[in-house]
Amino acid sequence: MASFLWMLVCVVLIIGLAYWFTKYMAGRGALGAFSAGRRMEVLDRLPLGRDQSLLLVRAGGRHLLLGVGTAGVSLLAELTEEEAAAWRRPETEDEMRPGFKDAFLTIMKQKGRR
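Just so we're clear, the structure is a prediction, and the values are computed from it rather than from any experiment. (Residues numbered from 1 in each chain as written. Predicted model: local features only at pLDDT ≥ 70, side-chain atom pairs only at ≥ 80, totals over all residues. Heavy atoms only, no water.)

A. Region of the structure containing the environment of histidine 63. Within the secondary structure, histidine 63 is located in strand β3 (residues 62–69). Counting along the chain gives 20 residues from histidine 63 to leucine 43, while the straight-line C-alpha distance between them is 9.1 Å. (Helix = DSSP H or I, 4+ residues; strand = E, 2+ residues; numbered from the N terminus.)

B. Examining the side chain of threonine 22 more closely. Position of threonine 22 among the secondary structure elements: in helix α1 (residues 2–28). A polar atom in the side chain of threonine 22 sits 2.9 Å from the backbone oxygen of tyrosine 19. (Polar contact = N/O pair within 3.5 Å; in protein donor to acceptor, adjacent residues only side chain to side chain.)

C. Quick look at the nonpolar core. Core analysis: the largest hydrophobic core is formed by six residues, namely Leu43, Leu54, Leu56, Leu65, Leu79 and Ala84. Val42, Leu55, Val57 and Leu64 belong to the second-largest nonpolar core, a separate cluster that totals five residues. (Core = buried A, V, L, I, M, F, W, Y, C linked by side-chain atoms within 4.5 Å. Buried < 20%, exposed > 50% of the residue type's maximum accessible area, 1.4 Å probe, protein only.)

D. Up close: the environment of serine 53. Its location among the elements puts serine 53 in strand β2 (residues 53–59). Sequence separation between serine 53 and glycine 69 is 16 residues; the distance between their C-alpha atoms is 6.6 Å. For serine 53, the contacting residues outside a window of four places in its chain are Arg45, Leu46, Pro47, Leu48, Leu66, Gly67 and Val68. (Contact = heavy atoms within 4.5 Å.)

Listed below in structure tokens is the structure:
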């Protein structure tokens with residue numbers, strides 16, 4: 001009976017750690033590494049491949065679309081305020097962080113496609 005209780009405690013602990021980890025990683029996301037500065041801010045990031053992504057950056061009053069890859073950084077376009085607003089991430093914290101259920105279902109869908 002004691003081994004069953006110990007196993008039950010371990011399973012609950014593992015599920016709790018999995019829940020915490022997915023909340024942490026979902027909240028951090030790709031944008032978690034970027035913090036807003038005074039004069040420059042990364043508004044959004046779109047991964048395209050292993051080492052390639054698009055960045056929407058606000059530098060001063062300008063909005064720049066940058067291509068980032070192993071070869072370096074390239075300016076792709078300068079966007080207007082309206083165009084940049086369409087790219088921006090949600091303003092509220094709740095809209096940015098998917099819940100455990102959403103993150104789990106997304107992972108399961110990805111695993112099912114393989």
